[in-house]
Amino acid sequence: MDLCFRSLKAQTWGINKPSSQRSSSTHIRLFYRYRDLAPQLVPLDYTNHPDVKLPYELIGSMPELKDNPFRQRIAEVFSEDGEGNMTLDNFLDMFSVLSEMAPRDLKAYYAFKIYDFNNDDFICKSDLEKTLNKLTRNELTEDEVKMVCEKVIDEADLDNDGRLSLEDFQHMINRAPDFLSTFHIRI
Amino acid sequence: MTIEQQRQGLAFSGSGHPTDQESLRFRRVSSRMSTQIYHEPNSSTSLAQEEEQSGSEPTLELRNTVFPMALKKAARQVQQMQVPAQFNGGSWKQKRIKFVRQFKSNVREFLYFFSLWGKTLQKIGGRNLVYASKQPQRLRPRWQTLLSLTGNFGGGVQSYFIFLRFLVILNFVSFLLIAGFVLIPSIVFRSVGIKPESSKADVSSECLKYDPNPQGLVVFYEFFLDLLSGTGFMEYSYLFYGYYNNSVIVTSLVGSHFSYNIPLAYLLTAVFYFAFCLICIIVRMGKAARVAVTTGGSDVRSYSMIVFTGWDYGCLGSKATKLKQRNIYYRLQVDLEEERLKKHAASLTLCNKVTLHSLRVLMFFVAVGLIVATFLAIARATTFSQENSHVPGILGLFYTYLPSIVITLGNFLVPLLCDQIALLEKYPPSATVVVALLRAVVLRLVSLGILLFTLWKQIMCHDSRDKCNLCHYNHEDYQCWETSVGQEMYKLTLFDLLVSIALLVLVEFPRRMVVDHWSCKLTQWVGRQEFVVPSNVLGLVYGQTVVWTGALFCPLLPLINTVKFVILFYCKKITLFYNCRPALRTFRSTSSAIFFLAVLLFGWILALVVMIYSVAVIHPSFACGPFRSFFRMWKIVPESFSTLPEGARDFLFFIGSQAFSIPLFAISCVFMCYFIALASIYGKSVAMLRAQLKLAGQDKQFLVKQIEKMKPLSPQHNEGEQD
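The model shown is predicted, which means the values in this text are computed figures rather than measured ones. (Residues numbered from 1 in each chain as written. Chains lettered and ligands numbered in written order. Predicted model: local features only at pLDDT ≥ 70, side-chain atom pairs only at ≥ 80, totals over all residues. Heavy atoms only, no water.)

**As for the overall build of chain B**
Point 1. From N to C terminus, chain B includes 26 helices and 4 strands.
Point 2. For chain B, with 723 residues in total, the buried portion stands at 42%.
Point 3. Once local pairs closer than 6 in sequence are excluded, the contacts in chain B between residues at least 24 apart make up 75%.
Point 4. A total of about 40100 Å² of accessible surface is found on chain B, and carbon and sulfur atoms cover 67% of it. (Helix = DSSP H or I, 4+ residues; strand = E, 2+ residues; numbered from the N terminus. Buried < 20%, exposed > 50% of the residue type's maximum accessible area, 1.4 Å probe, protein only. Contact = heavy atoms within 4.5 Å. Areas by Shrake-Rupley, 256 points an atom, 1.4 Å probe, with all protein chains shown as cover.)

**Section: the confidence of the model for chain A**
Point 1. Of all residues in chain A, 88% attain a pLDDT of 70 or more, and the chain-wide mean is 80.
Point 2. Below a pLDDT of 50 lies the segment residues 1-22 of chain A, which in the model reaches 31 contacts outside its immediate sequence neighbourhood of four places, other chains included. (pLDDT = per-residue confidence, 0-100.)

**Observations regarding helix α6 (residues 104-115) of chain A**
Residues and elements named next belong to chain A.
Point 1. Compared with an ideal rise of 1.5 Å per residue, which puts 12 residues at 16 Å, α6 spans 16 Å between its outermost C-alpha atoms and is within 8% of the ideal.
Point 2. Counting buried positions along α6 gives 10 out of 12 residues, so the element sits mostly inside the fold.
Point 3. Among all positions of α6, only Leu106, Lys107, Ala108, Tyr109, Tyr110, Ala111, Phe112, Lys113, Ile114 and Tyr115 are buried. (Expected span 1.5 Å × (residues − 1).)

**A closer look at the domain arrangement of chain B**
Point 1. The domain architecture assigned to chain B consists of domain 1 (154-194 + 203-627) and domain 2 (658-698).
Point 2. The C-alpha centroid of domain 2 of chain B is placed 38 Å from the C-alpha centroid of domain 1 of chain B. (Domains from an automatic or database assignment.)

**Here we look at the UniProt feature "domain: EF-hand" (unreviewed entry) in chain A**
Residues and elements named next belong to chain A.
Point 1. According to UniProt, the positions carrying the feature "domain: EF-hand" (unreviewed entry) are residues 103-138 and 144-179.
Point 2. This span, residues 103-138, is 67% helix and 0% strand, and a straight line between its end C-alpha atoms measures 32 Å.
Point 3. Spanning residues 144-179, this segment combines 64% helix with 0% strand, and its end C-alpha atoms are found 25 Å apart. (UniProt positions renumbered as here; feature names shortened; annotations may be inferred.)

**Description of the nonpolar core**
Point 1. Counting residues in hydrophobic clusters, the biggest one holds 99 residues, and the most contacted among them are Tyr160, Phe163, Trp481, Trp548 and Leu600 of chain B.
Point 2. For this core, the element with the highest residue contribution is helix α9 (residues 155-192) of chain B, accounting for 14 residues.
Point 3. Discounting chain neighbours no more than four positions away, the residues touching Phe163 of chain B are Val537, Leu540, Val541, Phe596, Leu597 and Leu600 of chain B.
Point 4. The next biggest cluster of nonpolar side chains, apart from the first, holds 69 residues, and it includes Phe91, Ile114 and Cys149 of chain A together with Tyr313 of chain B. (Core = buried A, V, L, I, M, F, W, Y, C linked by side-chain atoms within 4.5 Å.)

**Let's talk about the pattern of salt bridges**
Point 1. Overall, the coordinates contain 13 salt bridges over all chains when judged by the stated rule.
Point 2. The partner of Lys53 of chain A in a salt bridge is Asp81 of chain A, with the nearest N and O atoms 3.8 Å apart. Here Lys53 of chain A is found in the loop between α2 (19-37) and α3 (56-60), whereas its partner Asp81 of chain A is found in the loop between α4 (71-78) and α5 (88-97), with 28 residues between them in sequence.
Point 3. Owing to a relative accessible area of 29%, Asp81 of chain A belongs among the partly exposed residues under this scheme.
Point 4. Residues Glu425 of chain B and Arg439 of chain B are paired through a salt bridge, measuring 3.2 Å at the closest nitrogen-oxygen approach. Taken together, the positions of Glu425 of chain B in helix α16 (residues 402-425) and Arg439 of chain B in helix α17 (residues 429-459) put the pair 14 residues apart, joining distant regions of the chain. Here Glu425 of chain B matches Arg439 of chain B in class, with each residue buried.
Point 5. A cluster of three or more residues bridged by salt bridges with shared partners is formed by Glu144 of chain A together with Glu337 and Arg340 of chain B. (Salt bridge = Lys/Arg side-chain N within 4 Å of Asp/Glu carboxyl O.)

**Notes on the packing of aromatic side chains**
Point 1. A full pass over the atoms with the stated rule returns 45 aromatic pairs over all chains.
Point 2. Look at Phe91 of chain A and Phe95 of chain A: their rings are 5.0 Å apart centre to centre, the planes differ by 65 degrees, and that puts the pair in the edge-to-face class. Taken together, the residues span about one helical turn, with Phe91 of chain A and Phe95 of chain A both in helix α5 at a distance of 4 residues. In this pair, the class of Phe91 of chain A matches that of Phe95 of chain A, namely buried.
Point 3. Aromatic ring contacts, followed pair by pair, group Phe70, Phe112, Tyr115, Phe169, Phe179 and Phe183 of chain A together with Phe308 and Tyr313 of chain B into a single cluster.
Point 4. Geometry around Tyr243 of chain B places Arg190 of chain B over its ring, the cationic atom sitting 3.7 Å from the centre. (Phe/Tyr/Trp six-rings, centres within 6.5 Å; stacked < 30°, edge-to-face > 60°. Lys NZ or Arg CZ within 6 Å of the ring centre and 35° of its normal.)

**Topic: the packing of helix α18 (residues 481-517) of chain B against helix α21 (residues 557-579) of chain B**
Residue and element names in this part refer to chain B.
Point 1. Direction vectors running N to C along α18 and α21 enclose 10 degrees, while the axes themselves pass 11 Å from each other. In terms of orientation, α18 and α21 fall into the roughly parallel class. Residue-level contacts link Met489, Tyr490, Thr493, Asp496, Leu497, Ser500, Ile501, Leu504, Glu508, Phe509 and Arg512 of α18 to Leu557, Ile560, Asn561, Lys564, Ile567, Leu568, Cys571, Ile574, Thr575, Tyr578 and Asn579 of α21.
Point 2. Across the contact of α18 with α21, the residue classes break down as 13 nonpolar, 5 polar and 4 charged. (Axes fitted to C-alpha atoms, helices over the stretch in contact; angles between N-to-C directions. Parallel < 35°, antiparallel > 145°, perpendicular 65-115°, else oblique. Nonpolar A, V, L, I, M, F, W, Y, C, P; charged D, E, K, R; others polar.)

**Description of the confidence of the model for chain B**
All names here are of chain B.
Point 1. Summary statistics for chain B give a mean pLDDT of 77 and a share of 78% for residues scoring 70 or more.
Point 2. Looking across chain B, the model is least confident in helix α8 (residues 135-150), with a mean pLDDT of 37, and most confident in helix α20 (residues 533-550), with 91.
Point 3. Counting contacts from residues 1-59, a segment whose pLDDT is below 50, to residues more than four positions away or on other chains yields 64 contacts.
Point 4. Within the model, the stretch residues 127-151 combines pLDDT values under 50 with 52 contacts to residues more than four positions away or in other chains.
Point 5. Both scores are available for the predicted complex, with the pTM at 0.74 and the ipTM at 0.82.

**A word on the side chain of Asn68 of chain A**
Point 1. Relative to the helices and strands, Asn68 of chain A is located in the loop between α3 and α4.
Point 2. Among the polar contacts made by the side chain of Asn68 of chain A, one reaches the side chain of Trp311 of chain B at a distance of 3.4 Å. (Polar contact = N/O pair within 3.5 Å; in protein donor to acceptor, adjacent residues only side chain to side chain.)

**Some points on the UniProt feature "transmembrane region" (unreviewed entry) in chain B**
Residue and element names in this part refer to chain B.
Point 1. UniProt's entry tags residues 169-189, 264-283, 361-378, 398-418, 430-456, 559-580, 592-618 and 660-682 with the feature "transmembrane region" (unreviewed entry), counted in the numbering of this structure.
Point 2. For residues 398-418, the end-to-end C-alpha separation is 28 Å, with 95% helix and 0% strand making up the annotated structure.
Point 3. In residues 592-618, helix accounts for 93% and strand for 0%; the two terminal C-alpha atoms are 38 Å from one another.

**Examining the state of the cysteines**
Residues and elements named next belong to chain B.
Point 1. Per the counting criterion, the structure on display carries 1 disulfide over all chains.
Point 2. Here Cys480 pairs with Cys624 through a disulfide, and the sulfurs are 1.7 Å apart. Between Cys480 and Cys624, the S-S torsion sits near 100 degrees, and that sign places the bridge as right-handed. You can see Cys480 sitting in the loop between α17 and α18 and its partner Cys624 sitting in the loop between α22 (589-616) and α23 (636-641), a full 144 residues away along the chain. Considered together, Cys480 and Cys624 belong to a single accessibility category, that of buried residues.
Point 3. Cys554 carries a free sulfur, and the closest cysteine sulfur to it, the one in Cys480, is 12 Å from it. (Disulfide = S-S within 2.5 Å.)

Structure (structure tokens):
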């Protein structure tokens, strides 16, 4: 069955601690979810590290992600090629960061990358505008969008360069009491 | 050493040929990771030993890093290849730390498993409350169906149910306190057959008359009426003050001295009950305040909070997603509206400002007038009800419940009218919410105060002086006035519960059925019900204040209230899941916890005033109760004082004397100054650190600009650096 997968996982993720038994069952469950997306592409045997990438369309059709307006950005951030095509490692990475066990700093880092649409390591005004439009389904008017973007940069930008760096973002996230619970996908 | 190898790991197991940007990203990541790994061991005691001995520590840190999965695997392989350098008895310390951590997490999971209604609260809030490692997998199938049906209701509604759970536990523990010290001894002594002592002889026999049991034949439905109004067979029972004896038992059996002073126990239990409730409220307020302080107030950075943390990634289903998006849109609109109003208000001419302010003053007086009219109605209804309390039958029941009916009607109609008034006042939205809440709070709690004041007037006969000459209280109408007050509170509690259940059955379910199955313009406009958090919370606070006021006169009231709140929890849960749609306007949950507790504290103060007045000013009834032979209720304390042994008496006198209290006061002032100084220092250091962050950012910008300047000057030097 998936004995090969289990033994490989035992080598890499370490089964010394009792909690990892729980996490290994989670990993197996995630592997089956990954495989269910395209059974003909994903082999059961991972000992030879096959290079299998599932295209973004399959990932984006998962029920946990299909209604999320940020699903494309999530897939792009966690995929190796930056296009949304994910290997098993990327898939596991994604759901481990979005699980409840992941620490705050890790989540803040990936949230920053998700909201950074142009991948320049800063959240600038255009990134904010795109985020807002995704959040409100384009229902805000142009003026309102501009006003909200200005307000956000006013509030969060500490080094006054007109855009948010990772430190600004993390500093703001530390003040948010429910960030950990909203940045969380249950699978 | 480990960091170098991790950097090498970056080089050989990266994916193919990374682009310039990717390599830059990895470099930035690795530099950040190096600082992070340097910082984390610094926080613990001994760095390298701990990292190498406990195999879990570096793997835990590695799990927290932002390397992709392949890099983490490689790094872990490299770590496992390292042989631990030292292995001595220092591992006992790590084992102990690990054991303590594991134990704490196990205890937390265990307690969470037993927490009251934990799963229900999760379903309502849509989020895991405290500790969620085991729960999600078991809940998964039910969870998904529930979410697809309803969508989550958000933190505001969840905070209502958390508050309700807190009140249930508070009432239950208070009941245990009262049962242990007052109820069970009374039952024991009564069953043993100890008779109450008669009161002093120098009082006329008129005052000693008390016949609560109905005379002659009793109609069968009287049982039901008595159950609802606390009269008849219920009056002379453990439910009310009048049944308890003033027995002071002192037995000296062979080899043991047993004494139990029931009146003293009654009074001290009441005092400790109030103190216990105060401590619980203050502790909870402290926890909520700590959360509010660390998040720096909810209004300060509302826009960035909504944009970056407003989206719930766990939202499933297109309907729930659309609802969430509308919710975020609405919240942003509210904030933008406030901005627009501020700008508009700043741009008003003087004439407009004057008219606006005068309109606001006028509307304020209208609102005050409405509230005062309600108070007058309540006072009149109470007087009428007390005068006509002996009318038999259903009409009599209606008269006894008249004050409760008037209070409930007032609390329902007046906020509706105030909402209409608020439309004319044109305050900004946040101020409107606060003003409406303040008005509702004043209405609810002061109406209860008016009821009590009217009762007090009747008991102390302010209208007809001659009735009170004989017994210092109105013995003609109230042979046992404490029981009458207790009955009034009992009726209020019961009526509250009956109204909630009646509303659920007669209004909410039919409304939902009509809206669901009959689509016309009217039903679309009315729509399904929304769960309005503030008015529900004020209802809870009102109920709890009634219980606190009545606890001295009706010792079983906390138990009745526990049962009532449990029934209310399930009723509200049913109505939430079946009848309500998820609200578009969410109630902010972080500041609301403190607000609920502050209003509860206000109710507590009202109840305390009533208790102090009853204990210190009004003469207890001659005919019934544990204090029948005392001039005032608190007189029991000095009397039992005199029976204490000499050493204890001297110690207590010393505590009360100036020699002890003045140094105590001075020491507590010193402590208070210390805490104030500490708080101001923390505030200053937070401001300083924030300024430092700003400066660091500016330094970074300056350095980047310098690098940009130097780039064209020395291209070969820079190419060497980039490798």
